[in-house]
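# Survey of secondary and tertiary structure
Now for the letters of each chain:
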Amino acid sequence: MNILVINAGSSSLKYQLLDPQAGTLLAKGLCERIGIDGKFTYKPQIAGKKVLDAVDVAMPTHSEAIQAVLNALVDQDNGVIGSMKEIDAVGHRVVHGGEAFNKSVLITEDVMKTVEECIPLAPLHNPANITGIRACQKVMPGVPMVAVFDTAFHQTMPAKAYMYALPYEYYEKDKVRRYGFHGTSHKYVAARAAAMLGKKPEELKLISCHLGNGSSITAVDGGKSVDTSMGFTPLAGLPMGTRSGDLDAGILQYVMNKYSLSINDMLDILNKKSGVLGVSGVSSDFRDLESAGKEGNDRAALSVEMFNYGVKKLIGAYAAAMGGVDAIIFTAGVGENSVSQRLAIASGLEFMGVKMDAAANDVRGKEAVISAADSKVKVLLIPTNEELMIAMDTAALVSGK
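Report follows, based on the coordinates.

### Section: the overall build of the chain
For the chain, the count of helices and strands is 15 helices and 14 strands. Over its C-alpha atoms the chain spans a radius of gyration of 22 Å, differing by no more than 12% from the 21 Å that the globule rule assigns to 401 residues. Evaluated residue by residue, the chain yields a buried proportion of 49% over its 401 residues. Pairs at least 24 apart in sequence give 61% of the contacts found in the chain among residues at least 6 apart. With an accessible surface of roughly 18,400 Å², the chain has 52% of that area assigned to carbon and sulfur atoms. Averaging the coordinates of the 40 positive side-chain charges in the chain and doing the same for the 43 negative ones gives two points 2 Å apart.

As structure tokens, then:
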């Protein structure tokens with residue numbers, strides 16, 4: 001079964017064609033500058049097929065972008081399938097499903113209406129996701145489509161974890177609560193962790209650390225999310241590449257009054273100018289910060305220390321919340337590739353049964369047990385694969401399994 005996975009932005013569209021049953025990636029790429037001048041990238045994963053890198057393709061709307069993807073996939077010389085009939089379904093990443101969706105669903109008009117109702121919760125993302133779905137429906141009539149929500153995995157959180165201590169009416173009337181994000185990633189690595197440990201997900205208490213430019217930590221008890229660090233928006237939790245993470249809300253009033261800033265100005269600062277970029281003044285890329293720290297830049301070093309410290313605190317908190325932990329997972333850009341940050345985060349957790357193996361930890365981008373053989377709590381490196389998770393969910397729904 002071949003599944004086309006679509007992740008649509010306002011002027012871009014990422015895509016992959018996968019066979020989830022075989023775990024095979026057939027092709028991937030990107031449509032950029034949709035509605036402007038159109039740039040198309042196509043990377044077939046079959047030997048002898050030609051890569052197209054940012055070539056000019058007219059894409060006045062997402063429909064033309066989808067058509068460009070399909071044309072490339074079935075191209076006589078460089079395509080990876082014989083015809084569009086070989087695409088069995090399309091899986092769409094949708095950022096926000098609110099409280100309406102606790103799992104992936106086949107897309108119907110009722111589903112689309114509910115996704116539209118969630119736009120106020122994700123005004124920058126859901127409209128683009130909807131546009132991508134509509135474009136596929138136009139170009140691929142009759143092909144089953146599935147919505148896979150970033151928020152769905154976290155809908156198993158209990159009220160004590162997702163509620164904010166605000167007047168209850170804000171939850172009742174406006175659905176102000178913790179939703180969490182990166183759910184597809186956390187779900188994928190939690191399942192892989194169970195497989196690596198030879199256990200059923202129901203038997204494990206896991207802490208999943210999705211660490212990158214956007215970062216979140218999730219407590220997974222018995223295969224279900226019971227707490228997560230991002231909140232009503234992805235701004236909450238850890239300090240990230242450019243996002244502030246958790247902070248005293250009174251700071252907003254103080255800074256806004258002192259510098260005559262609007263709430264939009266303040267949110268722009270919190271989302272785009274804060275995090276490790278704001279502290280370091282150097283970069284939002286942790287590789288740049290590590291290099292600058294080694295060269296004596298104290299602010300760069302501090303920003304990384306703050307991030308690592310935040311991760312360590314959440315690991316301890318979630319272990320306490322679950323009454324223990326069997327394994328800690330590192331994933332995403334930083335989690336998969338920063339040997340030094342993984343070691344710094346895990347160091348000092350010996351009291352809870354974590355014992356690292358420096359040699360085993362000296363690895364990047366592949367599944368590995370990076371803790372010592374006698375570590376009571378296993379530490380795992382698991383590269384995330386959100387597209388494969390989307391494809392797996394899509395295949396399961398379409399086949400009725």
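Past the structure itself, the notes keep going.
### Section: the pattern of salt bridges
For the structure on display, the rule yields 13 salt bridges. Salt-bridge contacts for Lys175 lead to Glu99; the nearest nitrogen and oxygen are separated by 3.3 Å. Placement of Lys175 in the loop between helix 5 (169–174) and helix 6 (183–197) and of Glu99 in the loop between strand 6 (89–94) and strand 7 (105–106) is noted, with a sequence separation of 76 residues between them. Given the relative accessible area of 32%, Lys175 is considered partly exposed. The partner of Arg287 in a salt bridge is Asp285, and the shortest N-O contact between them spans 2.8 Å.

### Comments concerning helix 11 (residues 298–322)
For helix 11, built from 25 residues, the straight-helix expectation of 36 Å at 1.5 Å per residue is met to within 8% by its first-to-last C-alpha distance of 36 Å. Buried within helix 11 we find Ala300, Ser303, Val304, Phe307, Asn308, Gly310, Val311, Leu314, Ile315, Tyr318, Ala319 and Met322. Two or three places before Arg299, at the start of helix 11, stands the capping residue Asn297, its side-chain oxygen 3.1 Å from that residue's backbone nitrogen. At the C-terminal side of helix 11, Gly323 shows a positive phi close to 75°.

### Focus: the nonpolar core
Counting 42 residues, the largest nonpolar core has Leu4, Ile6, Leu13, Phe40, Ile66, Leu73 and Met140 as its most contacted members. Beyond its immediate stretch of four places on either side in the chain, Ile6 contacts Leu13, Lys14, Tyr15, Ile66, Val90, Gly91, His92, Arg93 and Cys136. Counting residues in each nonpolar core, the second largest holds 35 residues, with Ile207, Phe286, Ile370 and Val377 among its members.

### A short note on the packing of aromatic side chains
Within a pair of aromatic rings, the relevant descriptors are the distance that separates the centres and the angle that separates the planes. As enumerated under the stated definition, the model contains 6 aromatic pairs in all. Aromatic side chains Phe101 and Phe149 sit 4.5 Å apart centroid to centroid with 5° between the ring planes, which places their arrangement in the stacked category. In this pair, Phe101 sits in the loop between strand 6 and strand 7 while Phe149 sits in strand 8 (residues 145–149), placing the two residues 48 residues apart along the sequence. Residue Phe101 is classed as buried on the basis of its relative accessible area, which comes to 9%. A relative accessible area of 2% means that Phe149 is categorised as buried. Pairing Tyr168 with Tyr171 gives two aromatic rings, centres 5.6 Å apart and planes at 65°, and the pair type is edge-to-face. On the basis of relative accessibility, which here comes to 47%, the residue Tyr168 falls in the partly exposed class. Its relative accessible area of 12% is what places Tyr171 among the buried residues. Among the aromatic residues, those joined into a cluster by ring pairs are Tyr162, Tyr168 and Tyr171. Lying over the aromatic face of Tyr162, Arg177 brings its terminal NZ or CZ to 3.7 Å of the ring centre.

### A few points about the pairing of strand 9 (residues 205–210)
Of all 6 residues that make up strand 9, 5 are buried, and the element is covered over most of its length. Between strand 9 and strand 10 (residues 216–221), which pair antiparallel and follow one another directly, the connecting turn spans 5 residues. As judged from the 5 bridges shared by strand 9 and strand 12 (residues 327–331), these two strands associate in the parallel manner. Looking at the pairing, Ser208 lines up with Ile329 of strand 12.

### Details of helix 10 (residues 286–294)
Residues spaced three or four apart along an α-helix face the same direction, because each turn holds 3.6 residues. If you check which residues of helix 10 are buried, you get Phe286, Leu289 and Ala292. Buried residues in helix 10, looked at end-on, bunch into an arc of 120°, giving them a common side. Turned more than 90 degrees away from the buried face of helix 10, the exposed residues are Arg287 and Lys294. Along its buried surface, helix 10 packs onto helix 9 (275–280), helix 11, helix 12 (332–337) and helix 13 (339–346).

### A closer look at the sheet that holds strand 3 (residues 24–32)
Taken together, the 8 strands give an open sheet; going across it, the order is 5-4-3-2-1-6-8-7, and neighbouring strands pair in mixed fashion. Across the chains shown, the open sheet's two edge strands, defined by having one partner strand only, are strand 5 (52–56) and strand 7. By the bridge criterion, 3 bridges tie strand 4 (residues 39–44) to strand 5 in an arrangement that is antiparallel. Pairing of Phe40 across the sheet is with Val55, part of strand 5. Contacts from helix 3 (residues 126–139) reach strand 1 (3–8), strand 6 and strand 8 within the one sheet, and its direction differs from that of strand 6 by about 170°.

### Remarks on the packing of helix 1 (residues 62–73) against helix 3
Close contact between helix 1 and helix 3 brings their axes to 8 Å; oriented N to C, the two are set at 60°. By the angle between their directions, the pair helix 1 and helix 3 is classed as oblique. When you trace helix 1 past helix 3, the crossing you get is right-handed. Where helix 1 approaches helix 3, its residues His62, Ser63, Ile66, Gln67 and Leu70 are matched on the opposing element by Thr131, Ala135, Cys136, Lys138 and Val139. Per-class residue counts for the contact of helix 1 with helix 3 are 5 nonpolar, 4 polar and 1 charged.

### Side note on the packing of helix 11 against helix 13
Between helix 11 and helix 13, whose axes approach to 9 Å, the crossing angle comes to 50°. Judged on the interaxial angle alone, helix 13 and helix 11 are oblique. As for how helix 11 packs across helix 13, the hand of that crossing is right-handed. Contacts between helix 11 and helix 13 involve Val304, Phe307, Asn308, Val311, Lys312 and Ile315 from the former and Gln341, Ala344 and Ile345 from the latter. Grouping the amino acids of the contact of helix 11 with helix 13 by side-chain chemistry returns 6 nonpolar, 2 polar and 1 charged.

The rules we used
Residues numbered from 1 in each chain as written. Predicted model: local features only at pLDDT ≥ 70, side-chain atom pairs only at ≥ 80, totals over all residues. Heavy atoms only, no water. Helix = DSSP H or I, 4+ residues; strand = E, 2+ residues; numbered from the N terminus. Rg over C-alpha atoms; globule rule 2.2 N^0.38 Å. Buried < 20%, exposed > 50% of the residue type's maximum accessible area, 1.4 Å probe, protein only. Contact = heavy atoms within 4.5 Å. Areas by Shrake-Rupley, 256 points an atom, 1.4 Å probe, with all protein chains shown as cover. Lys, Arg positive; Asp, Glu negative; His and termini not counted. Charge placed at Lys NZ, Arg CZ, Asp CG, Glu CD. Salt bridge = Lys/Arg side-chain N within 4 Å of Asp/Glu carboxyl O. Expected span 1.5 Å × (residues − 1). Polar contact = N/O pair within 3.5 Å; in protein donor to acceptor, adjacent residues only side chain to side chain. Core = buried A, V, L, I, M, F, W, Y, C linked by side-chain atoms within 4.5 Å. Phe/Tyr/Trp six-rings, centres within 6.5 Å; stacked < 30°, edge-to-face > 60°. Lys NZ or Arg CZ within 6 Å of the ring centre and 35° of its normal. Pairing = 2+ DSSP bridges. Arc of directions from axis to C-beta. Axes fitted to C-alpha atoms, helices over the stretch in contact; angles between N-to-C directions. Parallel < 35°, antiparallel > 145°, perpendicular 65-115°, else oblique. Left-handed = near helix turned anticlockwise from the far one by under 90°. Nonpolar A, V, L, I, M, F, W, Y, C, P; charged D, E, K, R; others polar.

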